[in-house]
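# Summary of the model geometry
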Amino acid sequence: MEAAQTATTGKRAWALLAALVVPLLALPLLPPVAQDPHYHAFADGRTAWGIANFQNVASNVGFLLVGSVGLHFCVRRCRDLSWVVFFAAVVLVTFGSAYYHLLPGDDRLVWDRLPITVALMALFTALMKEHLTVRREGWLLAVSIATGVASIAWWRITGDLKLYVWVQAAPFLAIAVLLALYRGRFTGRYWLAYGLLFYALAKVVEFSDARIYAMTSEATSGHALKHLLAALAPLCVYWMLKTRVPSERRTPAPAA
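Quick caveat: nothing in here was measured; it's all calculated off a predicted structure. (Residues numbered from 1 in each chain as written. Predicted model: local features only at pLDDT ≥ 70, side-chain atom pairs only at ≥ 80, totals over all residues. Heavy atoms only, no water.)

### Some details on helix H4 (residues 81-102)
Just so we agree on the cut-off: Working definition: helices are DSSP H or I runs of at least four residues, strands are E runs of at least two. Numbering for both runs from the N terminus. Residue count minus one, scaled by 1.5 Å, sets the expected span of a helix. Bend, at a single residue, is the angle you get between axes fitted to the 7 residues ending at that residue and the 7 residues starting at it.
Between the first and last C-alpha of H4 there are 32 Å, a value that for 22 residues agrees with the 32 Å anticipated at 1.5 Å per step. At leucine 92, H4 is deflected by roughly 30°, the largest bend along its length.

The following block contains the structure:
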């Protein structure tokens, strides 16, 4: 029985490793991914109350609210380093994204992407810690964040976004594998799936920026909606942390 369990654990670890490493090893074989020169041409460029691109700036308030609530909870109750860093980075997304949208351009886009990358790498580290045997959380967190920062530096130096794309995808590949193959130590992991769904919807509306702007008679744009939907992803993480209990404390189903 113990040997079979060890073999199963090994297979799961290899599946997780393959999901993360195989795409990384394939990157040198792929052509460079350049930053779209039209990326900064957002549909809604209106100024309100003296703030340029007002909706794209103001819609970042969701990150501030969710990040602040999550950070307060983690500092007082959760206290795991990776979760604290995750919500702190979500708060910083507010300011990085607002700074970028005031005057969109590649130089400012760095400050938009940097806190997002830190948040994703902290989420990745937290999940690794909770599902695998990770004794040195701080070390893994530092390496993960350094990899994320390096992906942004590589883009600015070479113009190639491939590594940044992998950094964006890695936490979500990990979530998919962990949810499918691993039994969590805590209940409520389905909130991670909801978070993935909101993040995916945010990406969909982001690519429909101008279309949504036209469909809503210029009331709002796809990019502003993207910010609001994306903020719901860390909200799902917060609610998971707030409501979960250890799996062994799950109330058993009543006998038939």
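### Some points on the pattern of salt bridges
Filter applied, for reference: Every case where a carboxyl oxygen of Asp or Glu lies within 4 Å of a side-chain nitrogen of Lys or Arg is listed as a salt bridge. Exposure is judged per residue with a 1.4 Å probe applied to protein chains only, and the accessible area is read against the type maximum: over 50% gives exposed, under 20% gives buried, and values in between give partly exposed.
Under the counting rule described, the total for this entry stands at 8 salt bridges. Put simply, aspartate 107 and arginine 156 hold a salt bridge, and the shortest N to O gap is 2.6 Å. Taken together, the residues span a long stretch of sequence, with aspartate 107 in helix H5 (residues 106-131) and arginine 156 in helix H6 (residues 137-158) at a distance of 49 residues. Owing to a relative accessible area of 57%, aspartate 107 belongs among the exposed residues under this scheme. Residue classification places arginine 156 among the partly exposed residues on the basis of a relative accessible area of 36%. Between aspartate 160 and lysine 162 there is a salt bridge, and its shortest N-O distance comes to 3.6 Å. Overall, the relative accessible area of 12% leaves lysine 162 in the buried class. Through salt bridges with shared partners, one network takes in Asp80, Lys129 and Glu137.

### Describing the side chain of glutamate 137
This is how it is decided: It only takes one pair of heavy atoms within 4.5 Å for two residues to be counted as in contact.
With respect to the helices, strands and loops of the structure, glutamate 137 is situated in helix H6. Excluding residues within four positions of it along the chain, glutamate 137 makes contact with Asp80, Leu81, Ser82, Thr125 and Lys129.

### A closer look at the nonpolar core
Condition: To qualify as a nonpolar core, a set must consist of buried Ala, Val, Leu, Ile, Met, Phe, Trp, Tyr and Cys residues joined through side-chain atoms within 4.5 Å.
If you look at the biggest cluster of nonpolar residues, it comprises 47 residues, and the most contacted ones within it are Trp83, Phe86 and Leu241. Broken down by secondary-structure element, the contributors of at least two residues to this core are helix H1 (2-26), helix H3 (61-78), H4, H5, H6, helix H7 (162-181), helix H8 (190-206) and helix H10 (222-243). No other element matches the 10 residues that H5 contributes to this core. Grouped together as the second largest cluster of nonpolar side chains are 8 residues, Tyr100, Leu109, Val110 and Ile152 included.

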